[in-house]
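What follows is each chain in one-letter form.
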Amino acid sequence: MPGPKTLYDKIWDAHVVHEDADGTCLLYIDRHLVHEVTSPQAFEGLRMTGRKVRAPEKTIAVPDHNVPTTPGRDKHIDNEESRIQVEALDKNARDFGINYYPVSDIRQGIVHIVGPEQGWTLPGMTVVCGDSHTATHGAFGALAHGIGTSEVEHVLATQTLIQKKSKNMKVEITGHLRPGVTAKDITLSVIGATGTAGGTGYVIEYCGQAIRDLSMEGRMTVCNMAIEGGARAGLIAPDEKTFDYVKGRPHAPKGAQWEAALTWWKTLFTDEGAHFDKVVTIRGEDIAPVVTWGTSPEDVLPITGAVPAPEDFHGGKVEAAKRSLDYMGLTPGQKLTDIAIDTVFIGSCTNGRIEDLRAAAAILKGKKIAVKRAMVVPGSGLVRAQAEEEGLAQIFIDAGFEWRLAGCSMCLAMNPDQLSPGERCAATSNRNFEGRQGRGGRTHLMSPAMAAAAAITGHLTDVREFM
Amino acid sequence: MDKFTTLTGIAAPMPLVNIDTDMIIPKQFLKTIKRSGLGKNLFDEMRYNADGSEIEGFVLNQPAYRDAQILVAGDNFGCGSSREHAPWALLDFGIRCVISTSFADIFYNNCFKNGILPVVLPQDAVEVLMEDARKGSNARMTVSLEDQTVTTSDGRSFGFEVDPFKKHCLVNGLDDIGLTLEKVTAIDSYERTAAQSRPWV
Ligand code: SF4
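Quick caveat: nothing in here was measured; it's all calculated off a predicted structure. (Residues numbered from 1 in each chain as written. Chains lettered and ligands numbered in written order. Predicted model: local features only at pLDDT ≥ 70, side-chain atom pairs only at ≥ 80, totals over all residues. Heavy atoms only, no water.)

*Asks:* Give me the overall build of chain B: which residues, what numbers.
*Replies:* Looking only at helices and strands, one finds 8 helices and 7 strands in chain B. Its C-alpha atoms give chain B principal-axis dimensions of roughly 60 × 40 × 25 Å. Counting the 201 residues in chain B, one finds 59% classified as buried. Pairs at least 24 apart in sequence give 65% of the contacts found in chain B among residues at least 6 apart. Counting every atom, chain B has about 7,900 Å² of accessible surface; 49% of that belongs to carbon and sulfur. In chain B, which carries 20 positive and 27 negative side-chain charges, the distance between the mean positions of the two groups comes to 4 Å. (Helix = DSSP H or I, 4+ residues; strand = E, 2+ residues; numbered from the N terminus. Buried < 20%, exposed > 50% of the residue type's maximum accessible area, 1.4 Å probe, protein only. Contact = heavy atoms within 4.5 Å. Areas by Shrake-Rupley, 256 points an atom, 1.4 Å probe, with all protein chains shown as cover. Lys, Arg positive; Asp, Glu negative; His and termini not counted. Charge placed at Lys NZ, Arg CZ, Asp CG, Glu CD.)

This is the structure:
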């Protein structure tokens, strides 16, 4: 009799096409998401070898990384290299017959928001994309991770991936979150506790009461940043909330197939007594609203804290902290709430969904921004439309925010939305690396509500003051 | 893909931890639709001033390291974005081997697909190699994938582990896709079974 299995074990086992003696597996891929930046060389490879896309019906493409978020982009993109990449994706999608959402389509958006929104992402699936934040889809109990361009080509040609199994890691968030604490604070706090390499070699399953209590959107925020913790993927077992979210979406199963799917999905949980190679437990009550101070996502502190000194660390981290403080223009001992902000960015695949916009708008309602610029970039055209319908767009605009079209925008600044050198940004995205949001730009990561609070006061702010 | 058997070359020391793929190749260079030509922008923001002039202190700008083929780096090398442009840029510059205590997962895999060998060694071994790399261009390090060893210029040797399948592909310069397509009947049969058991996919 097979022993108890983790959720990861179950999904893995259901997708093994072939296993070599040394444990190298050929894993079947149910969904392949594609965007314009990491795919051109893969399609070029197919053309050069005369290969086809094996399962175009399981392949979904959308341009998101370098599209501008201002009107007129469906007619013309100024930056020539960006335009060539987007045009290449248009052509590749057409030539190879894959599902496609061009910028002119209201369903266009960030690939990790479009997949779940359209019902492409379902529990128990394997999902890959040439993008590290594919981890987002793990919120559905799907095994989802980023791959490189050579692997994109491999999946296009074979619908499989050569993989070795990772180890199992459990991250349990017990109890309840305190007011003002969100999914973003959970995921940042986990990285703060385990470090950016803490999950290397593992697939993380997030569990515990505080995770159960999250909405699907919050769960996506948590899994999204599994990669910042170094993990191959993050997973959350599907439950009634998952099934409710999926039901009725354009590509979700219907009728008898829905019933069959549901029967299988309900078996997707970690069995009692299954083995985890590493376990991290955090009390939900201990998590505070947090921000990052440095240039690594592990540089996390409660907003009530102060900028650390390099001597607070050891090993290679001492040098790294020195460099971070210098880059970020911060002094040890400075209170985090004294750090003045120039720009606020609300969006990205971490926090660009409707609930994120609602959370920010709730803080902003009737207030004005005290920063130089602030922008909201909805994660998809549909999120944007819904926010307009709910009156959120007007709240942002009245507060002084720019209301943009969907895309990755200032999360990585491959498009015209960028920070200038020294400009300091409160961002709801997932990476605070040097230059990530523009050369010399300084990024503090936080939740949408915290970013909204910073927009109103002009400095990093404890959102609980507004509650 | 070029084979990797044994490499003797100059090693550049980069003791920084958490060198991420945004540092290795900043996003403004990801707009290419080709794999080649990225070497001049490897570590762009650490290597050049805003006006395009070289930053003197940066290791790869120093005469001793301009022809480096090996990098010895701090923990968690290659974290962050999945961009394969990072190994493409390293390769285009001429780097064929990176040595660290740990690598981020996706970057590690991407290296093997491009003929670059990532070597994981314990902290004390990496420290010895870092010291050796600091000696500059007169000190040549040797990396043998066949023997799974790294040897310093003065003959100290360290053994490393590597996955046998990955080693096999790299030593022989094999294309993964070709290998997988040899198993196409297994894929066909998986698809037939899955169409029955999970028809909604
Ligand atoms: S929003 Fe940011 S993290 Fe997400 S896919 Fe786009 S660039 Fe990557």
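*Asks:* Lay out the environment of Met446 of chain A in plain terms, naming residues and giving numbers.
*Replies:* All names here are of chain A. Relative to the assigned elements, Met446 resides in the loop between β19 (442-445) and α16 (448-457). Spatially, the C-alpha atoms of Met446 and Cys349 are 14 Å apart, while their sequence positions differ by 97 residues. Those residues in contact with Met446 that sit more than four places away from it in its chain are Lys184, Leu188, Val290, Val291, Asn351, Ala426, Ala427, Thr428, Ala451 and Leu460.

*Asks:* Before we move on, can you summarise the interface of chain A and chain B with the specific residues and values?
*Replies:* How big an interface is tends to be stated in terms of accessible area lost as the parts join. Every contact between the two is made by 73 residues of chain A and, on the other side, 54 residues of chain B. For the pair chain A and chain B, the two sides together bury roughly 5,300 Å², of which 56% comes from carbon and sulfur. Its largest share of buried area at the contact with chain B, chain A owes to Gln41, Arg54 and Arg439 of chain A, together 13% of the area lost on that side. Inspection of the chain A/chain B interface yields 9 salt bridges. Between Arg54 of chain A and Glu191 of chain B there is a salt bridge, with its nearest N and O atoms 2.8 Å apart. Across the chain A-chain B interface, the total number found is 29 residue pairs in polar contact (both at pLDDT 80 or more). For the side of chain A that touches chain B, the elements supplying multiple residues, two or more each, are β1 (16-19), β2 (25-28), α2 (40-49), α3 (80-96), α5 (149-158), β8 (160-163), α10 (255-265) and α11 (316-328) of chain A. At 7 residues, α5 of chain A tops the list of elements feeding residues into the side of chain A that touches chain B. (Buried area = accessible area lost by both parts, 1.4 Å probe. Salt bridge = Lys/Arg side-chain N within 4 Å of Asp/Glu carboxyl O. Polar contact = N/O pair within 3.5 Å; in protein donor to acceptor, adjacent residues only side chain to side chain.)

*Asks:* Give me the lowdown on the sheet that holds strand β10 (residues 202-207) of chain A, citing residues and values where you can.
*Replies:* Sheet strands pair by backbone hydrogen bonding; their relative direction is either parallel or antiparallel. Residue and element names in this part refer to chain A. The parallel open sheet is built from 4 strands, whose spatial order is β11-β10-β9-β12. Edge positions in the sheet fall to β11 (233-235) and β12 (278-283), since each has one partner strand and no second. In this sheet, adjacent strand axes meet at a mean angle of 20 degrees when their direction is disregarded. As paired strands, strand β9 (residues 167-174) and β10 are joined by 6 bridges and run parallel to one another. Residue pairing for β10: Glu172 is matched across the bridge by Cys207. (Pairing = 2+ DSSP bridges. Axes fitted to C-alpha atoms, helices over the stretch in contact; angles between N-to-C directions.)

*Asks:* Kindly report on helix α6 (residues 164-172) of chain B, identifying the contributing residues and their values.
*Replies:* Those residues of α6 of chain B not exposed but buried are Phe165, Lys167, Cys169, Leu170 and Val171 of chain B. Packing partners of the buried residues in α6 of chain B comprise β8 of chain A together with α4 (105-112), β4 (117-120) and α7 (176-181) of chain B. Capping the start of α6 of chain B is the job of one residue whose side-chain oxygen sits 3.1 Å from the backbone nitrogen of Phe165 of chain B: Asp163 of chain B. Phi for Gly173 of chain B, located one or two positions after α6 of chain B, is positive at around 60 degrees.

*Asks:* Tell me about the nonpolar core, and name the residues and values.
*Replies:* In this structure, Phe396 and Phe401 of chain A together with Phe43, Phe77, Leu90 and Ile99 of chain B are the most contacted members of the largest nonpolar core, which totals 111 residues. Broken down by element, this core gets its largest block of residues, 8 residues, from α16 of chain A. Look past the residues within four positions of Leu90 of chain B in its chain and what remains in contact with it is Ile24, Leu42, Phe43, Leu71, Phe77, Ile95, Val98, Phe107 and Ile116 of chain B. One finds Ala135, Ile186, Tyr245 and Leu262 of chain A within the second-largest nonpolar core, a separate group that totals 60 residues. (Core = buried A, V, L, I, M, F, W, Y, C linked by side-chain atoms within 4.5 Å.)

*Asks:* Which residues make up unusual backbone geometry, and what values go with them?
*Replies:* One can expect most non-glycine residues to show negative phi and most peptide bonds to be in trans. Notably, Ala413 of chain A is not glycine yet its phi reads approximately 55 degrees, a positive angle. You can see Ala413 of chain A is positioned in the loop between β17 (402-403) and β18 (424-427). With a phi close to 55 degrees, Phe43 of chain B is a non-glycine residue in the positive phi region. Following the sequence through the fold, Phe43 of chain B ends up in the loop between α1 (21-24) and α2 (44-47). Of the residues examined, Phe43 of chain B reaches a relative accessible area of 0% and is grouped as buried.

*Asks:* I'd like a description of the UniProt feature "binding site: [4Fe-4S] cluster" (unreviewed entry) in chain A, backed by residues and values.
*Replies:* Residues and elements named next belong to chain A. UniProt annotation of "binding site: [4Fe-4S] cluster" (unreviewed entry) refers to Cys349, Cys408 and Cys411 when read in the numbering used here. What stands out for the annotated residues spanning 63 residues is how close their C-alpha atoms remain, the widest pair being 8.8 Å apart. Following the sequence through the fold, Cys349 ends up in helix α12 (residues 348-351). In this view, Cys349 contacts Ile110, His112, Ile113, His133, Thr136, Asn224 and Asn430; residues no more than four positions away in its chain are not counted. If you trace the backbone, Cys408 turns up in the loop between β17 and β18. Cys408 sits in the buried class, given a relative accessible area of 7%. Among residues more than four places away in sequence, those in contact with Cys408 are Asp64, His65, Ile110, Phe345 and Asn415. (UniProt positions renumbered as here; feature names shortened; annotations may be inferred.)

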